[in-house]
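Report on the structure
Here are the chains, one letter per residue:
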Amino acid sequence: MIIAEIIKHLEDFAPVSTAEDFDNVGLLVGQPETTVTGILITLDTLEEVVEEAIATNCNLIVSFHPIIFSGLKRLNGANYVERTVIKAIQNNIAIYAIHTALDNHHLGVNKMICDKLELLNTRILIPKKNNIKKLTTYIPTAKAAQLRQKLFEAGAGSIGNYDECSFNLEGIGSFKPGEQANPVIGTSGETHFEKETQINVTFPLNVESQILKALFKNHPYEEVAYEVTTLDNSNQQIGMGMIGELKQEMEEVVFLSEIKKIFKTGCIRHSELLGKPVKKVAVLGGSGSFAIENAKKAGADIFISADFKYHDFYKAEQKLVLADIGHYESEQYTKNLLHSYLSKKISNFALILSNTKTNPIKYY
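Rules behind the numbers
- Residues numbered from 1 in each chain as written.
- Predicted model: local features only at pLDDT ≥ 70, side-chain atom pairs only at ≥ 80, totals over all residues.
- Heavy atoms only, no water.
- Helix = DSSP H or I, 4+ residues; strand = E, 2+ residues; numbered from the N terminus.
- Buried < 20%, exposed > 50% of the residue type's maximum accessible area, 1.4 Å probe, protein only.
- Contact = heavy atoms within 4.5 Å.
- Salt bridge = Lys/Arg side-chain N within 4 Å of Asp/Glu carboxyl O.
- Pairing = 2+ DSSP bridges.
- Axes fitted to C-alpha atoms, helices over the stretch in contact; angles between N-to-C directions.

What follows deals with the overall build of the protein chain. The secondary structure content of the protein chain amounts to eleven helices and 15 strands. Along the first, second and third principal axes, the C-alpha set of the protein chain runs to 85 × 55 × 40 Å. Put simply, the protein chain has 364 residues, and 47% of those count as buried. The long-range fraction of contacts in the protein chain, counting pairs at least 24 apart against all pairs at least 6 apart in sequence, stands at 71%.

What follows covers the pattern of salt bridges. By the definition in use, this model includes 13 salt bridges. For Arg83, the salt bridge goes to Glu47, with nearest N and O atoms at 3.1 Å. Of the two residues, Arg83 sits in helix H3 (residues 80-90) while Glu47 sits in helix H2 (residues 47-55), which places them 36 residues apart along the sequence. Residue Arg83 is classed as partly exposed on the basis of its relative accessible area of 33%. Taking relative accessible area as the criterion, Glu47 reaches 23% and is therefore assigned partly exposed.

This brings us to the sheet that holds strand E7 (residues 167-175). Ordered in space as E7-E8-E6-E9, the four strands form an open sheet in which the pairing is antiparallel. The open sheet has two edge strands, E7 and strand E9 (226-230), and neither has a second partner. Sheet twist, expressed as the average angle between the axes of neighbouring strands with direction ignored, equals 25°. As paired strands, E7 and strand E8 (residues 192-204) are joined by nine bridges and run antiparallel to one another.

The following block contains the structure:
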């Protein structure tokens, strides 16, 4: 297989178009047409990880975090980022980063946290906006069923747990072909009236090119009349964080002890305990202080995340408990998720979980 084929599998699962605007995801080092000898899956790409890739004959590193986040102005080995990139290039090792594309997936980073905590009734905490589009087109009624099915196959018409969703209206379309036209129906210079069906389907932003390709390929008209609009609706399947419920409510200190054990963290920094049972739990892997208000509005009893600053803990305002379990600790199972997914898509291929411990934080 070549790198481009691996990337297609990854982006079928977590499209780069769903990543946050500030992020740097995709193929950061290497060329798509390179033949893959093996894949090393890691949370972070460091020099030690590149050395591990060399030792295991892996020329593609699939990393959660991007080693190149902000712009590189030079490559002279002055810091760990530059040294890592140089080592990868010198040894013909490609680096792909998935980061917030996987954060935003409803079966991604935060679902893994929920699963580890055995939460029920999980849903996205902050559904992503401006991610749903709507196609409206007009086609002779006799051809409508075929086009509709092709649009479904291209990725249109899914709403939550429902597929092949559309809205259709019957009407009469009119057009007059010009002298240079080559009409399938009608005659040049004469106004023609045709019984048509208006088809309306929604689709996620990342499949727009496939949708339009299916439209043009399967529409009989020489000139296709269509409209694509962006909806204000939030996408309930894409977004940051998740919220769910424990099978049984637990005392705060007992639940904190469970979290510490499950995520193997050296300590948990938390806000004031409220002396009430924990039932509703919000989570967000990595730096999650921006979602504190969302967790409060959702009625969470506790919000588990990382990288809270001193003043962030004041934002709890005795409405919930904020629990900082550590950045690495909250995302540590992400590489297992990627390994599991790729193993199902690529059988009989070298997929190796990195053994390098990349957590830069130590506990005394």
